[in-house]
Amino acid sequence: MKKIRRLSVSGGFSYLYLTILSICAVFPLLWLLVSAFKSSTEMLANPTVIFPKDWTLENFKTVLFTLNFTVNIKNSLIVALSTTVVATFISALAAYGIVRFFPKLGNVMTKILITTYMFPSIMLVIPYAVVMSTLHLTNTRIGLVLVYMSFSVPYAVWMLVGFFKTVPIGIEEAARIDGANRLQVFYKVVLPLVAPGVVSTAIYVFINAWNEFLYALLLVSSSSKTTISVAVKTLEGADILNWGSMMAASAIVVIPSIIFFCLIQSKIAGGLADGAVK
Amino acid sequence: MRERRLRGGVNGSSLTRWLFVLPALAVVVCLLIYPLVSTVIYSFTNKTLIRTDFDPVGFENYIRILTDEDFFQAFGNTILWTIGSLLGQIVVGFVGALCLNRIKSRVGKNLFRICAIIPWAFPAIAIAMTWKWMLNGIQGFIPSLLMQLGITDGMVQFLSDPDLVLPTLMMVNIWFGAPLILVNVYAALQTIPQDQYEAAQIDGASGWQSFRHITAPHIRIVVGLLVVLRTVWVFNNFDIIFMMTAGGPAGSSTTMPIYIYNMGWTGRMVGRASAASILLLLFLVLLCILYFSVIRHWEKEEK
């Protein structure tokens, strides 16, 4: 009797707390979206009215056609996709190598990973800028993709090691006996088994590359090559700016990120907890 | 079979083994270790972004920085920003995880979970621009609402009032970071065997007692590691502050990364910016050593 009462009280508090938390969490997204569909007169007239009376696509038109954001979207897609392919490939090889051939290296690697995680991007960017200008890579998308390996690969290796550990060695031995070489074992036997993990890792790499700001701001300056985050930031200084266009531009950045994130959220969260426990 | 495996282990495979890890090692060496080494070297020189030649200057950069008032203001701001953001994130996220754990209905659980993690998926630029717009001092939603409700007399200038700017940025960071804590603490809570709670209940333990003696010891290592990772992230965070205030007004929200940016990029003094970076990194390393000694102590207790 007593137990039931206590649980129902705390249950009520839980619902209340989580409802408030959810509203706080979701409201900025809602505000971003509704602002993107409001006309500027309506925004000025009623700053606290949530939903617009007339939904308009004017802001999106301005952003995509007058401000040429299509170019920036294309740049971001090129950079993020190339980063994803290259980083996932390198990391999958490394993660498998660590799990199968260098199990002891795994522990050392975790330490290296945490250490490199401490390096501030603002520290790394100066040497990058110096090296890239020597190699004539400043202002190129290839240069940016290379630099993005610095944060993609370590994290992807860490995530993938967790997935590769679940593959039983017996399967591989059987394939070896059947005459497959190491590389064949890797991509014909092991890779299909961890495919879901590889996909989540790839999505995570993509989100981070898509969202990146600092390197894109400091290493690429010509406006035909800037990525979308930087383009949104430069919008602030433009005469044409009204907050509606700004929110429309932000919506274009935020939507892919949120969709992908929801797809993989259970995987990345679990990974961190598992990795931490072991 | 044994022979075969042995042969596979010797013949050619030591090279193949390395081929697997070599590309990733190259990334670590070229993109992480090399820049660190060159930053250390630059920090003892008068290198600038414009000239290619430079001379060693000994400890001059370090002395200049450690006698710079702005450096200490930036350092103080960083500490405030880190502690404030982190405490808020942990409290909000931790309570959220405990609440989520109490909820029985699967649908409710998933719904709250998805809603609560939305901020975590926001790119930095979208965080900055959305909040800037919501906090805008002329037509922003929040100041307008506060005024309409009669809580404030005028429009509050959240981002241009030197006393309000840092707490406002911390609120934004708490909004962004609490979901990560929530989801991870919640995942850790699932690893606690339920029968321990039942046993405690039979023994007449109160809710607080079972939290202290069962929940806390089980999840403290995960939470500890989370705190380490979040500390580093918040400490080094450049994007949110740079895009929302660029360190202003008048340096009142300048943290260490912004200070380094101003010195190295705006001021073009690479040598001095490098020295500041190394000081920042050293501080973080010391902090992490401290954290890890606590976590290792917990791990020993568990065994």
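Conventions adopted
- Residues numbered from 1 in each chain as written.
- Chains lettered and ligands numbered in written order.
- Predicted model: local features only at pLDDT ≥ 70, side-chain atom pairs only at ≥ 80, totals over all residues.
- Helix = DSSP H or I, 4+ residues; strand = E, 2+ residues; numbered from the N terminus.
- Rg over C-alpha atoms; globule rule 2.2 N^0.38 Å.
- Buried ≥ 20, exposed ≤ 12 C-beta atoms within 10 Å, placed from the backbone.
- Contact = placed C-beta atoms within 7 Å.
- pLDDT = per-residue confidence, 0-100.
- Core = buried A, V, L, I, M, F, W, Y, C linked by C-beta atoms within 7 Å.
- Domains from an automatic or database assignment.
- Expected span 1.5 Å × (residues − 1).
- Nonpolar A, V, L, I, M, F, W, Y, C, P; charged D, E, K, R; others polar.
- Axes fitted to C-alpha atoms, helices over the stretch in contact; angles between N-to-C directions.
- Parallel < 35°, antiparallel > 145°, perpendicular 65-115°, else oblique.
- Left-handed = near helix turned anticlockwise from the far one by under 90°.

Caption draft 1: Structural context of the overall build of chain A. Helix and strand counts for chain A stand at 13 helices and 0 strands. Starting at the N terminus and ending at the C terminus, chain A contains elements arranged as α-α-α-α-α-α-α-α-α-α-α-α-α. Taken against the 2.2 N^0.38 rule, which gives 19 Å for 278 residues, the C-alpha radius of gyration of chain A at 24 Å runs more than 25% over that of a compact globule. For the C-alpha atoms alone, the extent of chain A along its principal axes is close to 75 × 75 × 35 Å. For chain A, with 278 residues in total, the buried portion stands at 45%. A fraction of 78% describes how many contacts in chain A between residues 6 or more apart in sequence connect residues 24 or more apart.

Caption draft 2: How the structure looks around the overall build of chain B. Secondary structure assignment for chain B yields 13 helices and 0 strands. Going residue by residue from the N terminus, the α and β elements of chain B occur as α-α-α-α-α-α-α-α-α-α-α-α-α. For a compact globule of 303 residues, the expected C-alpha radius of gyration is about 19 Å, and chain B comes in at 25 Å, more than 25% above that figure. Each of the three principal axes of chain B carries a C-alpha extent, and together these read 80 × 70 × 30 Å. Counting over 303 residues, chain B shows a buried share of 41%. A separation of at least 24 residues holds for 70% of the contacts in chain B among residues at least 6 apart in sequence.

Caption draft 3: The arrangement of the confidence of the model for chain A in detail. Residues and elements named next belong to chain A. For chain A, per-residue confidence averages 85 on the pLDDT scale, and residues scoring 70 or more make up 91% of the total. Ranking the helices and strands of chain A by mean pLDDT puts helix α11 (residues 214–219) first, with 94, and helix α13 (residues 243–277) last, with 75. Low pLDDT, under 50, characterises residues 1–9; the stretch is placed with 0 contacts to residues that sit more than four places away or in other chains. Long-range and interchain partners of residues 273–278, a stretch whose pLDDT sits below 50, account for 12 contacts in this model, where long-range means more than four residues apart.

Caption draft 4: Just the nonpolar core, in detail. All names here are of chain A. Core analysis: the largest hydrophobic core is formed by 163 residues, its most contacted members being A95, L160 and L219. Counting the residues that make up this core, at least three belong to each of domain 1 (2–45) and domain 2 (59–277). With sequence-adjacent residues up to four places away left out, A95 is seen in contact with V157, L160, V161 and F164.

Caption draft 5: Spatial organisation of unusual backbone geometry. The omega torsion of the bond from G248(B) to P249(B) falls at -5°, within 30 degrees of zero and hence cis. The residue P249(B) is located in the loop between α11 (239–244) and α12 (256–266) in this model. With a phi close to 60°, N68(A) is a non-glycine residue in the positive phi region. Along the chain, the position of N68(A) falls in the loop between α3 (58–66) and α4 (69–100). Although it is not a glycine, A246(B) sits at a positive phi angle of roughly 55°.

Caption draft 6: Local environment of helix α10 (residues 195–211) of chain A. Over its 17 residues, α10(A) runs 24 Å from end to end, which matches the ideal 24 Å to within 8%, given 1.5 Å per residue. Of all the 17 residues making up α10(A), 13 are buried; the element is thus mostly covered by neighbouring parts of the structure.

Caption draft 7: Region of interest: helix α12 (residues 228–235) of chain A. Within α12(A), 6 of the 8 residues are buried, leaving the element largely enclosed by the surrounding structure. The complete set of buried residues in α12(A) reads I228(A), S229(A), V230(A), A231(A), V232(A) and K233(A).

Caption draft 8: Spatial organisation of the domain arrangement of chain A. Residues and elements named next belong to chain A. You can read the domains of chain A as domain 1 (2–45) and domain 2 (59–277). Inter-centroid distance (C-alpha atoms) of domain 1 to domain 2 is 31 Å. Every contact between the two is made by 7 residues of domain 1 and, on the other side, 10 residues of domain 2. For the side of domain 1 that touches domain 2, the secondary-structure elements that each account for two or more residues are α1 (2–36) and α2 (40–45). For the side of domain 1 that touches domain 2, the per-class residue count stands at 4 nonpolar, 2 polar and 1 charged.

Caption draft 9: Spatial organisation of the environment of V270(B). Mapped onto the secondary structure, V270(B) falls in helix α13 (residues 270–302). Accessibility expressed as a C-beta count within 10 Å gives 28 for V270(B), which makes it buried. It is 6.1 Å that separates the C-alpha atoms of V270(B) and L49(B), two residues lying 221 residues apart in sequence. Setting aside residues up to four positions removed in sequence, V270(B) forms contacts with I126(A), Y42(B), K47(B), T48(B), L49(B) and G264(B).

Caption draft 10: Expanded view of the packing of helix α10 (residues 207–236) of chain B against α13(B). Residues and elements named next belong to chain B. Packing of α10 against α13 brings their axes to within 10 Å, and their N-to-C directions diverge by 175°. By the angle class used here, α10 and α13 are roughly antiparallel. Judged by residue contacts, R220, I221, G224, L225, V227, V228, T231, V232 and F235 of α10 engage L284, L287, C288, Y291, V294, I295, W298 and E299 from α13. Taken together, the residues of the contact of α10 with α13 sort by class into 13 nonpolar, 2 polar and 2 charged.

Caption draft 11: Region of the structure containing the interface of chain A and chain B. With 72 residues of chain A in contact, the opposing surface of chain B contributes 77 residues. Here the element with the most residues in the side of chain A that touches chain B is α13(A); it accounts for 17 residues. For the side of chain A that touches chain B, the per-class residue count stands at 52 nonpolar, 17 polar and 3 charged.

Caption draft 12: Local environment of the packing of helix α8 (residues 169–177) of chain A against helix α9 (residues 182–193) of chain A. Residue and element names in this part refer to chain A. At a minimum axis distance of 10 Å, the contact between α8 and α9 shows a crossing angle of 135°. In terms of orientation, α8 and α9 fall into the oblique class. For the element pair α8 and α9, the recorded crossing hand is right-handed. Residues I171, E172, A175 and R176 of α8 pack against V185, V189 and V190 of α9.

Caption draft 13: View of the confidence of the model for chain B. Of all residues in chain B, 96% have pLDDT values of 70 or greater, and the mean over the chain is 88. Throughout residues 1–12 of chain B the model reports pLDDT below 50, and contacts reaching past four residues in sequence, or to other chains, amount to 4 contacts.

Caption draft 14: Representation of the environment of A187(B) in the model. Residues and elements named next belong to chain B. Inspection of the secondary structure puts A187 in helix α8 (residues 165–189). Since 21 C-beta atoms lie within 10 Å of it, A187 is described here as buried. Each C-alpha atom, one on A187 and one on I219, is 9.6 Å from the other, the two residues being 32 residues apart in sequence.

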